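A closer look at the structure
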Amino acid sequence: MPRKTLESRRRSKRLKDQVLEKEPEVEEEVSQPKEYLLLTPRNPIRGSARGLRSSRAGGIEEEEEEKEEEEVHPLRLKLNGVDAEVYVSSAPPSLCASGRTTDLDAILSIIDDAQKFVFISVMNLLPLCQYCNPPRFWPAIDDRLREAACQRDVSVRLLISCWEHSDRSMFVYLKSLSVLSEEPLKCPIQVRIFKVPATEKQKKIPFSRVNHNKYMVTDRIAYIGTSNWSEDYFINTAGVGLIINQTGAATNSPGTAQSQLKAVFERDWNSDHALELGSADVKGCLHHREGV
C-alpha cells in the first residue's frame, strides 16, 4: 500500500478516536437529570410534607422527605378586619386530597395546642364506633381531653346535647370524664347537658328541638364542623371543618372569630337550658330508640 495512503488512514483514525473520546462528555452533559421541588401543604396548626422528584431519561423517580420542623401553610386573610390563618379539614380520610388535613387530625391538634381552655359544644360525644357491627371502643378524642385537663391543667368544658335520640351510653362516658374533677385528682373538667325546651305541640315535630352545634373554641383556635364526635363520623361520613387562628390579634379582641365563638359558648353554658349531668331533668334524655 502506498505510504501516503497509509498515513492518511492513520490520521483519519486518530481524528475519529479523538471525536469518540469527546462524545461521552457531550452525551453526559445533555442527559444530566433535571430536578425540581414540589411543596405539598399540610395543615393542621402545623404540618407539611415536601416531595423531591427527579425527572430522568427512562422514567420518573420520586423521593419524599419529612421535615423535622414542619411548616404552616394555611390561607392568610382578614376576617372582620383582623388577620387570620384559615384552613379546611375534611372526612373521611379516603376522600381527602393530597395535603388535606383530616377532620379528626385537626380536632386532636387543636386540643393539643390549647394552653388555657378547651370549650366544646357538640350534639354527640362518644368514645365509640357507634354504628359499627359490633360497636367498638374508640378513645381518640376522649384520651386527648383527659390529657389536656389532668396533665396540662387546661380547663375543659363540655356542653353536650340532650334529646330523645341521645345514646344512653354517652352519659355514662360523660360521667367518667366529670368524675375526674373530684378529689384527689381535681382535673379541671366540667360537663353540662343542653336541653332545648319544647311544648307539647313542638314535641310532635320529629328530629327537632335539639342543640345541633358542632364547634370547639380554645384560647388560640376556633373550630366549626359538621360531624358528631364519634368514630363513625370520621371514617364513614363526609364532613368538613373550618379552623381559624387569630392568635396574633389583641387578647380577647371582640373582632376575632375565637372571641365571638367563646361568647356564644358562655351564653349557652350559663343559660337555664344547661343542666348539671346528674340533674333529674337529664333523665328525659335516657330514652334511646334502638336503631336510631
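Anyway, here's the lowdown on the structure attached to this text. (Residues numbered from 1 in each chain as written. Predicted model: local features only at pLDDT ≥ 70, side-chain atom pairs only at ≥ 80, totals over all residues. Heavy atoms only, no water.)

Points about unusual backbone geometry
- That bond from asparagine 133 to proline 134 is cis: its omega, 0°, falls within 30 degrees of zero.
- As for its position among the elements, proline 134 is in the loop between β7 (128-129) and β8 (136-137).
- Within the chain, aspartate 153 stands out as a residue other than glycine whose phi angle is a positive 60°.
- In this fold, aspartate 153 is placed in the loop between α3 (140-150) and β9 (155-162).
- Classification of aspartate 153 by relative accessible area gives exposed; the value is 57%.
- The backbone of lysine 186 shows a phi angle near 55°, a positive value even though the residue is not glycine.
- Residue classification places lysine 186 among the exposed residues on the basis of a relative accessible area of 53%. (Helix = DSSP H or I, 4+ residues; strand = E, 2+ residues; numbered from the N terminus. Buried < 20%, exposed > 50% of the residue type's maximum accessible area, 1.4 Å probe, protein only.)

A few points about the packing of aromatic side chains
- The final tally for this structure, using the stated rule, is 5 aromatic pairs.
- Ring centres of phenylalanine 265 and tryptophan 269 lie 5.6 Å apart, and the angle between their planes is 20°; on these two criteria the pair is classed as stacked. Here the residue phenylalanine 265 and the residue tryptophan 269 both occupy positions in helix α7 (residues 257-269), the gap between them amounting to 4 residues, near one helical turn. One exposure class covers both phenylalanine 265 and tryptophan 269, and it is buried.
- Taken together, Phe117, Phe119, Phe265 and Trp269 form an aromatic cluster joined through their ring pairs. (Phe/Tyr/Trp six-rings, centres within 6.5 Å; stacked < 30°, edge-to-face > 60°.)

Some words on α3
- Listed in full, the buried residues belonging to α3 are Ile141, Asp142, Leu145, Ala148 and Ala149. Seen along its axis, α3 keeps its buried residues to an arc of 130°; they face one direction.
- Taken together, the buried residues of α3 touch α2 (103-113), β6 (117-122), β9, α4 (168-178), β10 (189-195) and α6 (232-235). (Arc of directions from axis to C-beta. Contact = heavy atoms within 4.5 Å.)

Regarding the pattern of salt bridges
- Summed over the entire model, instances satisfying the criterion amount to 10 salt bridges.
- Across the pair glutamate 266 and lysine 262 runs a salt bridge whose closest N-O atoms are separated by 2.9 Å. Of the two residues, glutamate 266 and lysine 262 are both situated in helix α7; the distance of 4 residues between them amounts to about one turn of the helix.
- Looking at glutamate 266, the relative accessible area reads 27%, which means it is partly exposed. (Salt bridge = Lys/Arg side-chain N within 4 Å of Asp/Glu carboxyl O.)

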